[in-house]
Amino acid sequence: MGEPRFLQAECAFRPGAHTVRVTLTRTALRVEVEAHGTSDLWRGEFDAAFIEDLTRKTGNFKQFGIFCSMLESALTQNSDSVSLELLTFADLETLHSRKVGAVTRPPPSTSSPLNSKRYLILIYSVEFDRIHYPLPLPYAGRPDLVALVRELQEQLGQLRARRLEETQHLRDAGCQMHSEPFFPPSKLAQAKASEQKLQLRVKNLTAELASCRRGRQKSASPAPRAQERRSASLESHRSSRGHPSPKSLSPAGSRPPRFDPTAFVRARQRRQKEAELRK
């Protein structure tokens, strides 16, 4: 595990559908769980020493690399011996009490930080036993859409680069089987599936972010037809006071010609002279 690896899976836990995102490095593990209905986030980061101490306390010790491989198998559902569950602190106490046969303690108060935590349980089923590895995840609020889209785009870019690298290794392995390491096609298919899930999530979150921005712009702009309503009200007020509106005026060419007395007298004198000349 040289470069960070990103895994994502949709899980149907008892409280409802959740998205689980895991980042794996050589010495650390980062887990994030998001509830679909509320977008609430729980996030935890664990180093190799914490994970190995956790497994030691369960009585079934696992090295950090083995634990990460088990977690990856549970996310991809490649093995029937490992699975995942999401529990509250009260659920975890009930599970522990049943296992040791103790009396169940009362749940913590609603104001307690334990009440807001979630525990991602990696369940390892062996022939006669089930071992539970609980990863505590403090509540991280709800995501900032801009930051989340940016982070997912970065992860998507790294996944694409990793898939291209593995594709090139497969091609090289086909030409030089003895000198190059061979990457099974299943690894490439897993990387491609993770990339497609990330692409879909980036697309959905980008659309949600654009919708939120449009909503803010719409609420800040004035009513579009307010000016038209004011103009119509002013026009009605003019008409009620007897002032004609500009649209009701007749065009200039429709008025009758004005009477000219001088032209009338000249025309009558001309007709009299013409009558005398005819006589």
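Residues numbered from 1 in each chain as written. Predicted model: local features only at pLDDT ≥ 70, side-chain atom pairs only at ≥ 80, totals over all residues. Heavy atoms only, no water.

## Quick look at the sheet that holds strand β5 (residues 82-87)
Heads up, the rule is: Here a strand pair is declared whenever DSSP counts at least two bridges between the two strands. Only DSSP runs of H or I reaching four residues or more are called helices, and only runs of E reaching two or more are called strands; each is numbered from the N terminus. The angle between two axes is taken between their N-to-C directions and runs from 0 to 180 degrees, where each axis is a line fitted to C-alpha atoms and a helix contributes only its stretch in contact. When checking whether two residues touch, look at their non-hydrogen atoms; a contact exists if any pair is within 4.5 Å.
Spatially, β5-β6-β7 is the arrangement adopted by the three strands of the open sheet, whose pairing is antiparallel. What marks the edges here is a single partner per strand, and that holds for β5 and β7 (130-137). Neighbouring strand axes in the sheet, compared pairwise and without regard to direction, differ in orientation by 25 degrees on average. Sheet topology places strand β6 (residues 118-125) next to β7; eight bridges connect them, and they run antiparallel. The residue bridging Ile-121 from the neighbouring strand is Pro-134, located in β7. Across the face of the sheet, helix α2 (residues 64-76) comes into contact with β5, β6 and β7 while running at roughly 80 degrees to β5.

## Topic: α2
An α-helix turns once per 3.6 residues; consequently, residues spaced three or four apart project the same way. The test is simple: Each residue after the first adds 1.5 Å to the expected span of a helix. The rule is simple: take the accessible area with a 1.4 Å probe, protein chains only, and divide by the maximum for that residue type; under 20% is buried, over 50% is exposed, in between is partly exposed.
An ideal rise of 1.5 Å per residue puts 18 Å on 13 residues; α2 measures up with 18 Å between its terminal C-alpha atoms. Among the residues of α2, those classed as buried are Phe-64, Phe-67, Cys-68, Met-70, Leu-71, Glu-72, Ala-74 and Leu-75. Backbone geometry just downstream of α2 places Gln-77 in the positive-phi region, at approximately 55 degrees.

## Considering the packing of aromatic side chains
Applied cut-off: Two aromatic rings from Phe, Tyr or Trp, using only the six-membered ring of Trp, form a pair when their centres are within 6.5 Å; if the ring planes differ by under 30 degrees the pair is stacked, by over 60 it is edge-to-face, and anything between is tilted.
Counting across every chain of the model gives four aromatic pairs. Note on Phe-67 and Tyr-133: the rings are 5.7 Å apart at their centroids and 85 degrees apart in plane angle, and the pair reads as edge-to-face. Note that Phe-67 is positioned in helix α2 and Tyr-133 in strand β7, a separation of 66 residues in sequence. With relative accessibility at 0%, the residue Tyr-133 sits in the buried group.

## Notes on the sheet that holds strand β4 (residues 41-47)
The strand order across the open sheet formed by five strands is β1-β2-β3-β4-β8, and the pairing between neighbours is antiparallel. Both edges of this open sheet fall to β1 (5-13) and β8 (139-141), since each of them pairs with a single strand only. Geometrically, the sheet is characterised by an average inter-axis angle of 25 degrees between neighbouring strands, direction not taken into account. By the bridge criterion, seven bridges tie strand β2 (residues 16-24) to strand β3 (residues 28-35) in an arrangement that is antiparallel. Bridging across to β3, Val-22 finds its partner in Val-31.

## Thoughts on the confidence of the model for the chain
Quick note on the threshold: Along the chain, pLDDT gives the predictor's confidence residue by residue, from 0 to 100.
Per-residue confidence for the chain gives a mean pLDDT of 77, with 70% of residues at or over 70. pLDDT under 50 marks residues 245-253. Its contacts with residues more than four places away, or in other chains, come to four contacts.

## Here's the deal with helix α1 (residues 48-57)
Rules: Here the arc refers to the directions that run from the helix axis out to each C-beta atom.
Taken together, the buried positions of α1 are occupied by Ile-51, Leu-54 and Thr-55. Buried residues along α1 cover an arc of 95 degrees about the axis, so they all sit on one side. Exposed positions of α1 whose direction lies more than 90 degrees from the buried face are Ala-49 and Lys-57. Check the buried side of α1 and you find it contacts β3, β4, α2 and β7. Just downstream of α1, Gly-59 is the residue with a positive phi angle, here 85 degrees.

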